[in-house]
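# Examination of the molecular architecture
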Amino acid sequence: MLTSEQLKTLLSEPKRIVITTHFKPDGDALGSSLGLFYWLKAYKHDVSLIVPSDFPSFLDWLPGLEHVRIYTKEVQENQKLIADAEIIFCLDFNGLSRIHDMAVPVENATGIKCMIDHHLEPQGFHDYEYWDPKAAATAQLIFRFITAEMQDAGSISADMATCLYTGIMTDTGSFRFRSTTSEIHRIIASLIDCGAQNWAIHELIYNSSSEGRLKFLGYCLLNRLEVFPEYNTAMIYVTQEDLKSFEVITGDTEGLVNYALSIKGIRLAALIIDRKEQIKLSLRSIGDVPCNEICKTYFNGGGHLNASGGNSHDDLQTVINTFKSALPNYKEILTK
Ligand code: 5GP
Ligand code: MN
């Protein structure tokens, strides 16, 4: 395994570099990737940022977004960039299955693979790691990587600060989750000093819904929310027809699960979406309720203790039944 010192030496000369992040990148995935992109560009590296899929439209104002390449849109060119890269940074994921079609090209690539991530249970495909499962966001790790590991605190531009702020803000639920430590607030203060306009970023992310998205939200809360009071659990499910009739696009379902969690006394919330090719499940919890264990045991997934995801190839009703039938196994912890 490479040390930070060795990586720093490698980065002292311009290199061909690819940065990638997980499928359907969220605010932290794109924010941390663009933050690192700007830092590497400033040192004249030849950097390509390649993501496996499209991303939510509420991120389409991020500085540097015009540099983001979507893997599936130019497969051959992107495969060449990956194969030719001397260094590949893998951000906000730690298992190659999370980059879907890019997994094989990245696995076969000869470049040095650097994993910077905050998810549990890394799968070990990398040559360098800056990994901290206690970190709230990968953007927090990029800040630390640049300032502490690379000892380059003076290099954070306003664009970088904006990207990293966005990553930390979105992964901490706007500085609400238990992962929001005093270190997070100190980093955020530094990012504001470096030029991140905190109020403008909140506006751009949270006040950017379409009318349709809001009506879809209202529909789900009225018709698709079920509460299981004996297990302090709430669930929202979305059918294929719902997705079609409200013309739901990437990002429209982001945050929906938190409405289920916002009911007083609820300790576990599920969002179950029938995405045709598979059922996608998101779990959120309060306290010790282990979303990651539930996702791993029943839904092929994982994540953090209080926020996890998974998927299934069963039909929607079967997945709903599986979720309901798991609840008695967690009754004690759910009703504590
Ligand atoms: P979300 O519910 O927002 O899709 O995901 C919540 C958390 O769980 C994120 O940190 C995400 O990285 C993780 N996660 C989502 N889907 C999966 C999955 O299929 N496998 C694993 N291991 N983690 C996932
Ligand atoms: Mn993250």
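Residues numbered from 1 in each chain as written. Chains lettered and ligands numbered in written order. Predicted model: local features only at pLDDT ≥ 70, side-chain atom pairs only at ≥ 80, totals over all residues. Heavy atoms only, no water.

### Let's talk about the coordination of the manganese ion (ligand 2)
So the rule is basically this: Nitrogen, oxygen and sulfur within 2.8 Å of a metal are treated as its donors, or within 3.2 Å for sodium, potassium and calcium (Na, K, Ca); water is not counted, so a site can appear incomplete. The secondary structure listing takes helices from DSSP runs of H or I that are at least 4 residues long and strands from runs of E that are at least 2 residues long, numbered from the N terminus. Burial classification: accessible surface area is computed with a 1.4 Å probe over protein chains only, and a residue below 20% of its type maximum counts as buried, one above 50% as exposed, and the rest as partly exposed.
Coordination of the manganese ion (ligand 2) by the protein involves Asp28 (OD), Asp92 (OD), His118 (NE2) and Asp171 (OD), with metal-donor separations of 2.2 to 2.4 Å. All donors to the manganese ion (ligand 2) come from one chain, and their sequence spacing reads D-x63-D-x25-H-x52-D. Taken together, the residues span a long stretch of sequence, with Asp28 in helix H2 (residues 27-42) and Asp92 in the loop between strand E4 (87-91) and helix H4 (103-108) at a distance of 64 residues. For Asp92, a relative accessible area of 1% puts it in the buried group.

### Things to note about the packing of helix H6 (residues 158-171) against helix H7 (residues 182-193)
Counted only if it meets this: Fitted lines through C-alpha atoms serve as axes, helices being fitted only where they are in contact, and the angles separating the N-to-C directions of these axes extend from 0 to 180 degrees. Orientation categories follow fixed angle ranges, with anything under 35 degrees roughly parallel, anything over 145 roughly antiparallel, 65 to 115 roughly perpendicular, and all other angles oblique. Left-handed is the label given to a crossing in which the near helix is rotated counterclockwise from the far helix by less than a right angle, and right-handed is the label when the rotation is clockwise. Contact criterion: two residues are considered in contact whenever any of their non-hydrogen atoms come within 4.5 Å of each other. Under this grouping Gly is polar, as are all residues other than the nonpolar Ala, Val, Leu, Ile, Met, Phe, Trp, Tyr, Cys and Pro and the charged Asp, Glu, Lys and Arg.
Relative to each other, H6 and H7 sit at 150°, their axes nearing to 9 Å. What the angle tells us is that H6 and H7 run roughly antiparallel. In this structure, H6 crosses over H7, and the sense of that crossing is left-handed. In this structure, H6 contributes Ala161, Leu164, Tyr165 and Ile168 to the contact, and H7 contributes Ile184, Ile187, Ile188, Leu191 and Ile192. When its residues are assigned to classes, the contact of H6 with H7 shows nine nonpolar, no polar and no charged.

### Structural notes on the sheet that holds strand E6 (residues 128-131)
Here is the rule: Two strands are counted as paired when DSSP detects at least two bridges linking them.
In space, the six strands of this open sheet follow the order E3-E2-E1-E4-E5-E6, with parallel pairing throughout. A strand with exactly one partner marks an edge of an open sheet, and here the two such strands are strand E3 (68-70) and E6. Taken over all neighbouring pairs, the strand axes of this sheet differ in orientation by 20° on average, direction set aside. Bridge count between strand E1 (residues 16-21) and strand E2 (residues 46-51): five bridges; the pairing is parallel. Paired with Ile17 across the strands is Val47, a residue of E2.

### Details of the sheet that holds strand E8 (residues 233-238)
Spatially, E7-E8-E9-E10-E12-E11 is the arrangement adopted by the six strands of the open sheet, whose pairing is mixed. Sheet topology places strand E7 (225-228) and strand E11 (302-303) at the edges, where each strand pairs with a single neighbour. Both E7 and E8 contribute to a ladder of four bridges, which runs antiparallel. By the bridge assignment for E8, Glu226 is matched with Met235. Here helix H13 (residues 316-326) sits on the sheet in contact with E7, E8, strand E9 (268-274), strand E10 (279-285) and strand E12 (307-312), set at roughly 165° to E9.

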